[in-house]
Amino acid sequence: NSLKVFNVSGNISLSGDIFQIIVNWPLLERLGLFSGQFTTNNIPSSFRELTNLKEIGVAGNNSSNSLADFCGFSQLQSIRVYKFFSGEIPACFYDLKELETVDLSFNNLTGNVSNNIGNLTNLINLRLDDNALEGELPANIIQCNKLESIAIRDNQFTGVLPDLSSLNTLEW
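Below: a short report on this structure. (Residues numbered from 1 in each chain as written. Predicted model: local features only at pLDDT ≥ 70, side-chain atom pairs only at ≥ 80, totals over all residues. Heavy atoms only, no water.)

### Description of the sheet that holds strand S10 (residues 125-127)
Phase 1: The parallel open sheet is built from seven strands, whose spatial order is S1-S3-S5-S6-S8-S10-S12. Only two strands of the sheet have a single neighbouring strand rather than two, namely strand S1 (5-7) and strand S12 (149-151). Direction aside, the axes of adjacent strands within the sheet are offset by 10° on average.
Phase 2: Relative to strand S3 (residues 30-33), S1 is paired through three bridges, and the arrangement is parallel. Its bridge partner being in S3, Phe6 is matched across the sheet by Leu31. (Pairing = 2+ DSSP bridges. Helix = DSSP H or I, 4+ residues; strand = E, 2+ residues; numbered from the N terminus. Axes fitted to C-alpha atoms, helices over the stretch in contact; angles between N-to-C directions.)

Below you can see the structure in the form of structure tokens.
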């Protein structure tokens, strides 16, 4: 029960209902599930009780999970999740104020990026590539004044790109 790091990435022959297993480790801080044949469509509600999670890395099999299943982790600093989510980015996601890295590329995320993205003031890296996001990128993204990189290619964004010149840390 004292396990803090669980990373089985790269083991493509491992399988099982992984989320049913990891809920038994209440002190878990880092989770890595890239590759493997894990069942990822059934995230139990008890997963939200892993309140010590700081890093999550998951690659699914074009799963249709909701990003809302990952909203309760107030200490979360890094989320790198591919081919796992579908639907809109829920409002609760913008309450994860410790986030430094958000990489939600290659999901099936839809809808707009909320004006509440400005709440993520610790954000350093934002990657939303290869989704179906639309609308304008909110101007208050400049409130994320630690941003070093933004990658939003292959979406359906429209409108005027916000003036990002005040983001002194942004790498051009």
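### Thoughts on the packing of aromatic side chains
Phase 1: All chains considered together, the criterion is met by 11 aromatic pairs.
Phase 2: With 6.3 Å between their ring centres and 80° between their planes, Phe70 and Phe73 make a pair best called edge-to-face. Residue Phe70 shares its accessibility class with Phe73, and that shared class is buried.
Phase 3: Each residue in the set Phe19, Phe47, Phe70, Phe73, Phe84 and Phe85 is aromatic and connected to the rest through ring pairs, giving one cluster. (Phe/Tyr/Trp six-rings, centres within 6.5 Å; stacked < 30°, edge-to-face > 60°. Buried < 20%, exposed > 50% of the residue type's maximum accessible area, 1.4 Å probe, protein only.)

### What about the state of the cysteines?
Phase 1: In this structure the tally under the stated criterion is one disulfide.
Phase 2: Across the disulfide, Cys71 is cross-linked to Cys92 (sulfur-sulfur distance 2.1 Å). Handedness of the Cys71-Cys92 disulfide follows from its S-S torsion of about 65°: it is right-handed. With Cys71 in the loop between strand S5 (55-59) and strand S6 (78-82) and Cys92 in the loop between strand S7 (86-88) and strand S8 (101-103), this residue pair connects regions lying 21 residues apart in the sequence. (Disulfide = S-S within 2.5 Å.)

### Focus: the sheet that holds S7
Phase 1: The sheet built from four strands is open, its strands ordered S7-S9-S11-S13 with parallel pairing. Of all the strands in the sheet, just S7 and strand S13 (156-157) have a single pairing partner and so form its edges.
Phase 2: Bridge count between S7 and strand S9 (residues 108-111): three bridges; the pairing is parallel. Looking at S9, one finds that Gly87 is bridged to Leu109.

### Let's talk about the pattern of salt bridges
Phase 1: Applying the stated rule across the entire model yields nine salt bridges.
Phase 2: Between Asp129 and Arg153 there is a salt bridge whose closest N-O contact spans 3.9 Å. With Asp129 in the loop between S10 and strand S11 (132-135) and Arg153 in the loop between S12 and S13, the pair connects residues that are 24 residues apart, well separated along the chain.
Phase 3: Accessibility expressed as a relative area gives 1% for Asp129, which makes it buried.
Phase 4: A salt bridge links Asp154 to Arg153; the nearest nitrogen and oxygen atoms lie 2.7 Å apart.
Phase 5: Each of Asp103, Arg127, Asp129, Asp130, Arg153 and Asp154 takes part in a single network of salt bridges with overlapping partners. (Salt bridge = Lys/Arg side-chain N within 4 Å of Asp/Glu carboxyl O.)

### Regarding the environment of Glu29
Phase 1: Of note, Glu29 is situated in the loop between helix H1 (18-22) and S3.
Phase 2: The buried category is assigned to Glu29, whose relative accessible area is 18%.
Phase 3: In sequence terms Glu29 and Glu55 are 26 residues apart; their C-alpha atoms lie 6.5 Å from each other.
Phase 4: Sequence-distant contacts of Glu29, defined by excluding residues within four places in its chain, comprise Lys4, Asn52, Leu53, Lys54 and Glu55. (Contact = heavy atoms within 4.5 Å.)

### A word on the pairing of S3
On any regular strand, side chains alternate: one points to one face of the sheet, the next to the other face.
Phase 1: Two elements, S3 and S5, share four bridges in a ladder whose sense is parallel. Of the residues in S5, the one forming a bridge with Arg30 is Glu55.

### Quick word on unusual backbone geometry
Phase 1: Positive phi is not limited to glycine here, since Phe106 has a value of about 60°.
Phase 2: Counting through the fold element by element, Phe106 comes out in the loop between S8 and S9.
Phase 3: You will see that Asp154, though not glycine, has its phi angle at about 55°, which is positive.
Phase 4: Topologically, Asp154 is positioned in the loop between S12 and S13.

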